[in-house]
Amino acid sequence: MGPIEEMRPRLALAFSEAVAAYDLATGEHSRRVGALARAVGVTLTLGEADLEALTYAGMLHDLGKLGVPERTLGWPGSLDAAQWREIRRHPTVGAGMVRSCCMQPEGYYCGEFELVATGIEAHHERFDGSGYPAGYAGEEISLIGRILALVDVYDSMTEERNYRRHVFSSNEALDYLAENSGTLFDPGLVPAVVEVARRT
Ligand SMILES: [Fe+2]
């Protein structure tokens, strides 16, 4: 095992702690998303590299929220255009933070975390191209990103500690995923998310 492989779990945990320290609810949500995303990957019989990337990308999908001002993140009302711009940067900022772990002083990029970084970058992309930051559609969106999109929405809807929004039951959230299968979400992945959610 090389030095980067040995550092990988520790870096992921340190970043995850940083997210929780900044915003506890986001930190707890992110840990659940990591576990759910991995379980979906197991159901889809993905290989170990993808499962590892799903775990870390799930845990760290909102890492870039460290770059969103606290007043915007905790804003109780509807967001103005400038606040939305700040929020919509977080996938790119988070992916950049993860990629920076792979930059060598001489500028060489090792690519070790690329699956994780592309997953983080894509978790707000939507299957029909209506998401952000790139507006990618279908399989232009990385597989990790398409799984995270589903799991992130499911957990956000059902999060019991969610003080700001209505809390949905698991069945209501799964109905929402099914209703938007093929538009917002990859229809090939929705059944695996339903299966995992029904088990947990
Ligand atoms: Fe996010």
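You'll find the structure just up there.
The text that follows walks through the structure, step by step, so that each part is easy to find. (Residues numbered from 1 in each chain as written. Predicted model: local features only at pLDDT ≥ 70, side-chain atom pairs only at ≥ 80, totals over all residues. Heavy atoms only, no water.)

Focus: the coordination of the iron ion
Let me state the cut-off plainly: Any N, O or S atom lying within 2.8 Å of the metal counts as a donor, and for Na, K and Ca the limit rises to 3.2 Å; water is left out, so some sites can look incomplete. In these descriptions, tetrahedral denotes four donors with every angle between 85 and 135 degrees, square planar four donors and octahedral six donors with opposite donors over 155 degrees apart and the rest between 65 and 115, and irregular any other case. Numbered from the N terminus, helices here are DSSP runs of H or I no shorter than four residues, and strands are runs of E no shorter than two. Exposed residues in this analysis have more than 50% of their type's maximum accessible area, buried residues have under 20%, and partly exposed residues fall in between, with area computed by a 1.4 Å probe over protein chains only.
Protein-derived coordination of the iron ion comes from Asp 62 (OD), His 90 (NE2), His 123 (NE2) and His 124 (NE2), at a distance range of 2.1 to 2.3 Å. Coordination at the iron ion is irregular: its four donor atoms span angles of 85 to 174 degrees at the metal. Along the chain, the residues donating to the iron ion fall in the pattern D-x27-H-x32-H-H. With Asp 62 in the loop between helix 3 (48–59) and helix 4 (70–73) and His 123 in the loop between helix 7 (114–121) and helix 8 (143–158), this pair connects stretches of sequence that are 61 residues apart. Per residue, the accessibility class of Asp 62 equals that of His 123, and both read buried.

Quick notes on empty space enclosed by the protein
Note the cut-off: A pocket, in this scheme, is an open set of points on a 1 Å grid over the protein atoms alone with protein on both sides within 12 Å along at least 5 of 7 lines, while a cavity is a set where a 1.4 Å probe fits but cannot get out; residues line either one if an atom lies within 4 Å of a point. Grid points are joined across faces, edges and corners, and a volume is the space filled by probe spheres set on the points. Side-chain classes follow a simple rule in which Ala, Val, Leu, Ile, Met, Phe, Trp, Tyr, Cys and Pro form the nonpolar group, Asp, Glu, Lys and Arg form the charged group, and the remainder, Gly included, forms the polar group.
As enumerated under the stated definition, the model contains three cavities of 30 Å³ or more in all. One number sums up the size of the largest cavity: a volume of about 60 Å³. Lining of the largest cavity is provided by Arg 8, Leu 11, Ala 12, Phe 15, Tyr 56, Leu 60, Val 98, Cys 101, Phe 113 and Val 116. In terms of residue count, helix 1 (residues 3–22) provides more of the lining of the largest cavity than any other element does, four residues in total. Size it by volume and the second largest cavity reaches roughly 40 Å³. Together, Ala 122, Glu 125, Arg 126, Phe 127, Ile 141, Gly 145, Arg 146, Ala 149, Leu 184, Phe 185 and Asp 186 line the second largest cavity. Within the lining of the second largest cavity, the residues separate by chemical class into six nonpolar, one polar and four charged.

A short note on the environment of Thr 92
Here Thr 92 is to be found in helix 6 (residues 90–100). Counting along the chain gives 55 residues from Thr 92 to Ala 37, while the straight-line C-alpha distance between them is 20 Å.

A few points about helix 8
To be explicit about the condition: Multiplying 1.5 Å by the residue count of a helix minus one yields the expected span of that helix.
Taking 1.5 Å of rise per residue, 16 residues should cover 22 Å, and helix 8 covers 23 Å from first to last C-alpha, within 8% of that figure. With 15 of its 16 residues buried, helix 8 lies for the most part within the structure.

Topic: the packing of aromatic side chains
Under the convention used in this document: By convention, a stacked pair of Phe, Tyr or Trp rings (six-membered ring in the case of Trp) has centres within 6.5 Å and planes under 30 degrees apart, an edge-to-face pair has planes over 60 apart, and any other such pair is tilted.
On inspection of all chains with the given rule, the structure shows one aromatic pair. Taking the centre distance of 6.3 Å and the plane angle of 75 degrees together, the rings of Tyr 176 and Phe 185 count as edge-to-face. Classification of Tyr 176 by relative accessible area gives partly exposed; the value is 30%.

Structural notes on the nonpolar core
This is how the line gets drawn: In these notes, a set of buried Ala, Val, Leu, Ile, Met, Phe, Trp, Tyr and Cys residues joined through side-chain atoms within 4.5 Å is what counts as a nonpolar core. Two residues form a contact once any of their heavy atoms are found within 4.5 Å.
Of all hydrophobic cores here, the largest spans 42 residues; its most connected members are Val 98, Ile 147 and Leu 177. Those elements that provide at least two residues to this core are helix 1, helix 2 (24–43), helix 3, helix 6, helix 7, helix 8, helix 9 (170–179) and helix 10 (190–199). Among the elements that take part in this core, helix 8 stands out by supplying eight residues, more than any other. The residues touching Leu 177, leaving out its near neighbours within four places in the chain, are Leu 150, Val 153, Tyr 154, Phe 185, Val 190 and Val 193.

Description of the packing of helix 8 against helix 9
This is how it is decided: Lines fitted to the C-alpha atoms define the axes, with helices restricted to the stretch that makes contact. Angles between their N-to-C directions range from 0 to 180 degrees. It is the rotation of the near helix from the far one that decides the hand of a crossing: anticlockwise by less than a right angle makes it left-handed, clockwise makes it right-handed.
Running from N to C, helix 8 and helix 9 cross one another at 145 degrees; their axes reach a closest spacing of 9 Å. Between helix 8 and helix 9 lies a crossing of right-handed hand. Residues Leu 150, Val 153, Tyr 154, Met 157 and Thr 158 of helix 8 touch helix 9, and the partners they reach there are Ser 170, Ala 173, Leu 174, Tyr 176 and Leu 177. When the residues that make up the contact of helix 8 with helix 9 are grouped by side-chain class, the tally is eight nonpolar, two polar and no charged.

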